[in-house]
Amino acid sequence: MTEQALYSGWRVKKGLGFFGYSQTETIALGASLFLIFVIAGNNPSTLFVTGPLFLVVALMLTKFGGLSSFDRLRREFGFYSARKREFLNYRTKQAKGKPLAFGERLKLPGLLAPTKLLGRRDGLSEWGIVWDQSNDFLTTTFICNSQSPQLADDDVFNIWVAQWHHFMAALASEPQIEYVTVTVESASEGGATVTENLRRSLVPTASVHAYDVLTSLGNLGVDQASYVETRISITFNPNKGPARKKDIQGKIAEVSRLLYGLESRLSTCGLSAIHRASPSDLAARMKISFDPAAKDSIVDGMLKGVTPLRWSQAGPNVAMEERNHFLHDSGASVSWVWNDGPRSPVPATILGPLVNPGPYPKKITLIYEPSDPAAVSRKLEQERTALDAKRLLLNQSPQNETQRQKLDREFATMAAQEEARGAGFGDLSLFVTVTAPHESLLDDARTDIKSRAAQAKINLREATCSQAAIFYAGLSAGINPAHKINKGFF
Amino acid sequence: MTDGFFGTDTFNEEHHDDQAWPTQKLEPSPPVEVGQLMPPLPGDDSRLDLPERPQQIKKADFADDSVAPTWGWREKDSGRVGHVDAGTKLSAPTTQACGLFPFIAGSGSPKIGVPVGVHLINREIVCMDPFRWVQHGMVTNPGIFMIAQPGCGKSALVKRLITGMSGFGAVPIVLGDVKPDYPRVIEALGGQVIRMGRGLDVINPLDAGPIKAASERLRAAGYIEKANELEADAYGRRLALLVAICQVGRNGIPVSPGEEVMLAASIRYLDDEGLDSPTVKDVLHLLRDAPDSVVAAAEAEDKRSFDAESKELRQTLSLLLTGTFKGVFDGPTSNPIDLDAPAIEIDISALARSGEENIISSAMLAVWAYGFGVVDAQMALSEAGLEPARDYIAVLDELWRALRGAPGLVDRADALTRVNRSRGMAQVMVTHSLDDLEALPTEQDRAKARGLIERSGTVILGGMSPREAQSVSNVMPLSKKEQNLLTSWQSPSSWAGNEAHPGRGRFMIKTGAKTGLPIQVVLLPIEEELYKTDRIAGVDR
């Protein structure tokens, strides 16, 4: 049997930061300290003011649990002011029971508001593109099945993982690709697909026994079984491509050209039945995320060929963002972001506990952003040098260097080495959203996710005051919170 | 669940209203932003600028062509976010980043067909339907081969499958049930149960009744060629069967070509006489009488040499009528297959209880030949449009017991169980262990038996020993982990004694080289009830 491959080495980029501050923060604090002393040299009494002020600022910037007090204050303030202006609630403007006129478009909530869903037909199949007009990004999604590594031989599985590495590494050579979002969604099976298939297949002449067995089996699904779906969304920035197309058609054509290659490369990563999500697939999935209780009727409607939902209708009817959770139609969700990945070398199955189906519907979203290969080697070398310099600066001999610092430095060296050997380089973010049917069950859902994260050796932090934004990241609409930190005043 | 936070009724209404949308009123298609790219889809979101909006709704309630700010519309109840947590970015080279491999949840259990169980790892429902799996290109043929030890509930899985398939309109036919495992299920499905045995129902190996009727119907409807083909086929099948039974009857000593010619000539003669279904007794009498035409057809010089040559054959036939086989094959078919029955079972447990392998083997062969012949005839009729088209799912349980009666039987069995119509017939072959096939008398037989597995589109495996898992993987590629899983189902992990059989109801469905689907069969109360009574009546669990 092949030996199990282990992986490690993800780290937060720190540069020449000291005492847990980032490089910029360190420079700013150092500069102000210098200034304080210069001023104090002229007038020492100012120290009574500047000293405590400096300490307060320094303390504010110190990170506790992955966030500095400054961050915390900023988000509380943003949240408070948005609540004060009654922005946080959402109510669809569609009058109850009144159909939308043809061509009418509802306003979607929050980060979804600037998005539009476009469709394109290639040959027989039709696929959807989410156009985020706020930054002109285009996102297409592949829906696929992943094969269980539990039963594949280790060497086969290692090949899948290696192919995923090749896939990510190759993204660096496509400047239009901003990021790749992998969302693994699992939920308990409402039984709609199975029930509908059974209903269609049953013949009128079936015996009573066969009828009883089949209809009972359809209902069996509800609490017995689950459903898992893996979606891979690729977000393009068409303005970065070599052929800068002015109009959206040209941009989509450009995207379409790239998709074929990506699709075939993905199929080597242990994925099967890869297909592009159609506009109705995307809209239905978003609607189900907001209104999980309606899943069966939506799936049933899709199977029966009911007119598909429009994107603008696929939002919630009512939603309320709270500090620590997000309420939407028939669900209540909590979202997390990761603070840190596994520190120890881990096998590639480490995310298993997190992505495998649990008692509540959940979405695990992993976003990979490739770095520009030209800039990255320079950066990595700088980083490594910075860490070495820092060690020298603090006159740390290997003995009094803390273990974490040592590990960090090793990882930085390893990254520079791997990069030099031709590996791609990029940033990973992970978001988790769990949805319970009712607010009162959220604590139970939280416990479940926390224990899963612990098994996966991932350190999660609840996305306080940002529950809606992280929820949107799991919708395969191409929303990456890291690209949305600025409000946009236009 | 449905009375969630805000309820869902609003959505449902909206959803149904969608159907009433004037989706086709596109006439003077206005030039819209991406119109050329757009499919003619009502879900299409980009055709915004249709001129008229209903008066009741304020214009401000809808998005116009202006683009929303990044965080959402700056207005009351717009859902605009108050803060965006950017998350934490961890950098890593892709050689390491790939270690956080997200594609491990496993999904893609087939959702088409009879729900046979729940996926052991990701709890998805796994469905099975050999016919539609072929249609959807998931397997290359509808054959199913099942290897599972006694006691792990394999008959429960087969029962579930045939019950479901019968609900889909297929006709389950259980041919040669030795336990019997299936009579109650077949009866529950409203099917016909034929109980073969001494003093019970007799199946005449030379019976051509239903086939003759079918070929006459075909001829009457003008399908002369089809009718001829069917008759020729029936003739060949009966001859193959009689030869096989004779061979089993004389403990595996092959029937010589000369003897086969004699049998062929006799059957032909009796057919030409217009005898609807000659019996073994008729053949024996004919060989004794030896009319000239038979002598000539058998290439014998005269009656004397014919008699000398046919002596052993006559003894064999007489053994079938008077020896240990007495009461099994002598006489016309007493309870013919009812072709309109929704399910058919031929139970040979009465014969199996005698424990004489020769009798079991020949009885199974006879049942297969009879059953498949009838189905073949019925399918020819439906091909000609004289009968509605139906799918058949045949269960051949403990098939090795038929195959090891005499050398060369695998070939014969292959011929007997073949149907000319390529579609509409799925065979479920069940055996306890590959060792059963390995115990066949000759290497050729063993190779051919392995071919039976290779040719099955789907293989279902139950708990098995490591050695067996290894030998299965020679025929059907199994990964090490799959082998380990199968082995772990074989026996309880502790001596505690109160543990349920770890492999009970657990199976792995393999199709080609794809990763197996490990399932747990969950029985419904109504099924448990039905199968329990079987358990009391029969032996297997």
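See the structure shown above.
Residues numbered from 1 in each chain as written. Chains lettered and ligands numbered in written order. Predicted model: local features only at pLDDT ≥ 70, side-chain atom pairs only at ≥ 80, totals over all residues. Heavy atoms only, no water.

Peer 1: Is there a simple way to think about a nonpolar patch on the surface in this case?
Peer 2: There is a patch of nonpolar side chains on the surface, built from Phe34, Leu35, Val38 and Ile39 of chain A and spanning about 380 Å² of accessible area. Mapped onto the secondary structure, leucine 35 of chain A falls in helix 1 (residues 23-42). (Patch = residues over 30% accessible without salt bridge, like charges linked within 9 Å, V, L, I, M, F, W, Y side chains within 5 Å. Areas by Shrake-Rupley, 256 points an atom, 1.4 Å probe, with all protein chains shown as cover. Salt bridge = Lys/Arg side-chain N within 4 Å of Asp/Glu carboxyl O. Helix = DSSP H or I, 4+ residues; strand = E, 2+ residues; numbered from the N terminus.)

Peer 1: Help me out: how do you make sense of the packing of aromatic side chains in this one?
Peer 2: The relative placement of two aromatic rings is captured by the distance of their centres and the angle of their planes. According to the stated counting rule, one finds 12 aromatic pairs over all chains in the structure shown. A ring pair is formed by phenylalanine 326 of chain A and tyrosine 472 of chain A, whose centres lie 6.0 Å apart and whose planes are at 80°; its orientation type is edge-to-face. Of this pair, phenylalanine 326 of chain A sits in strand 12 (residues 326-328) while tyrosine 472 of chain A is found in helix 14 (residues 467-473), placing the two residues 146 residues apart along the sequence. Residue phenylalanine 326 of chain A is classed as buried on the basis of its relative accessible area of 2%. Taking 5.4 Å as the distance between ring centres and 85° as the angle between the ring planes, the aromatic pair formed by phenylalanine 101 of chain B and phenylalanine 103 of chain B counts as edge-to-face. Here phenylalanine 101 of chain B matches phenylalanine 103 of chain B in class, with each residue buried. In textbook terms, an aromatic cluster arises when at least three aromatic residues are bridged by ring pairs, as seen for Phe157, Trp160, Trp164 and Phe167 of chain A together with Phe101 and Phe103 of chain B. When the ring centre of phenylalanine 168 of chain B is taken as reference, the NZ or CZ atom of arginine 132 of chain B above it lies at 5.3 Å. Lysine 159 of chain B extends its terminal NZ or CZ atom over the ring of tyrosine 182 of chain B, reaching a point 5.9 Å from the ring centre. (Phe/Tyr/Trp six-rings, centres within 6.5 Å; stacked < 30°, edge-to-face > 60°. Buried < 20%, exposed > 50% of the residue type's maximum accessible area, 1.4 Å probe, protein only. Lys NZ or Arg CZ within 6 Å of the ring centre and 35° of its normal.)

Peer 1: Sorry, what's going on with the environment of serine 148 of chain A here?
Peer 2: Residue and element names in this part refer to chain A. With respect to the element layout, serine 148 can be found in the loop between strand 7 (137-146) and helix 4 (154-171). A residue is classified by how much of its surface remains accessible, and serine 148, at 9% relative accessible area, is buried. Distance in space between the C-alpha atoms of serine 148 and leucine 271 is 9.5 Å, their sequence separation being 123 residues.

Peer 1: Please explain unusual backbone geometry as it appears in this structure.
Peer 2: Leaving glycine aside, a negative phi is the common case for residues, and trans is the common case for peptide bonds. The amide bond that connects lysine 179 of chain B to the next residue, proline 180 of chain B, takes the cis arrangement and shows omega of 0°. You will see that aspartate 136 of chain A, though not glycine, has its phi angle at about 65°, which is positive. Looking at the secondary structure, you find aspartate 136 of chain A in the loop between strand 6 (125-132) and strand 7.

Peer 1: Hey, could you run me through empty space enclosed by the protein in this one?
Peer 2: Leftover empty space is mapped by rolling, across the atoms, a probe with the size of a water molecule. Residues and elements named next belong to chain B. Evaluation of the coordinates by the stated rule reveals nine cavities of 30 Å³ or more. Taken as a whole, the largest cavity spans an internal volume of roughly 100 Å³. Taken together, Asn204, Pro205, Asp207, Ile211, Ala234, Arg237, Arg238, Leu241, Ala366, Ala369, Tyr370 and Gly373 make up the full set of residues lining the largest cavity. When residues of the lining of the largest cavity are traced back to their parent elements, those giving at least two are helix 7 (224-249) and helix 13 (357-383). Its residues assigned to classes, the lining of the largest cavity shows seven nonpolar, two polar and three charged. (1 Å grid on protein atoms, 1.4 Å probe; cavity = no way out; pocket = protein on both sides within 12 Å on 5 of 7 lines; lining within 4 Å. Points joined across faces, edges and corners; volume = space filled by probe spheres on them. Nonpolar A, V, L, I, M, F, W, Y, C, P; charged D, E, K, R; others polar.)

Peer 1: Quick question: what am I supposed to make of the sheet that holds strand 12 (residues 517-520) of chain B here?
Peer 2: In a beta sheet, neighbouring strands are held together by backbone hydrogen bonds and run either parallel or antiparallel to one another. Residues and elements named next belong to chain B. Reading across the sheet, the 11 strands line up as 3-2-12-11-10-4-9-8-5-7-6 and stay open at both edges, with mixed pairing between neighbours. Both outer strands of the open sheet, strand 3 (125-128) and strand 6 (192-195), are each paired with one neighbouring strand and no more. Between one strand axis and the next, the sheet turns through 25° on average, direction left out of account. Bridge count for strand 8 (residues 392-396) against strand 9 (residues 425-431) is five bridges, and the pairing is parallel. (Pairing = 2+ DSSP bridges. Axes fitted to C-alpha atoms, helices over the stretch in contact; angles between N-to-C directions.)

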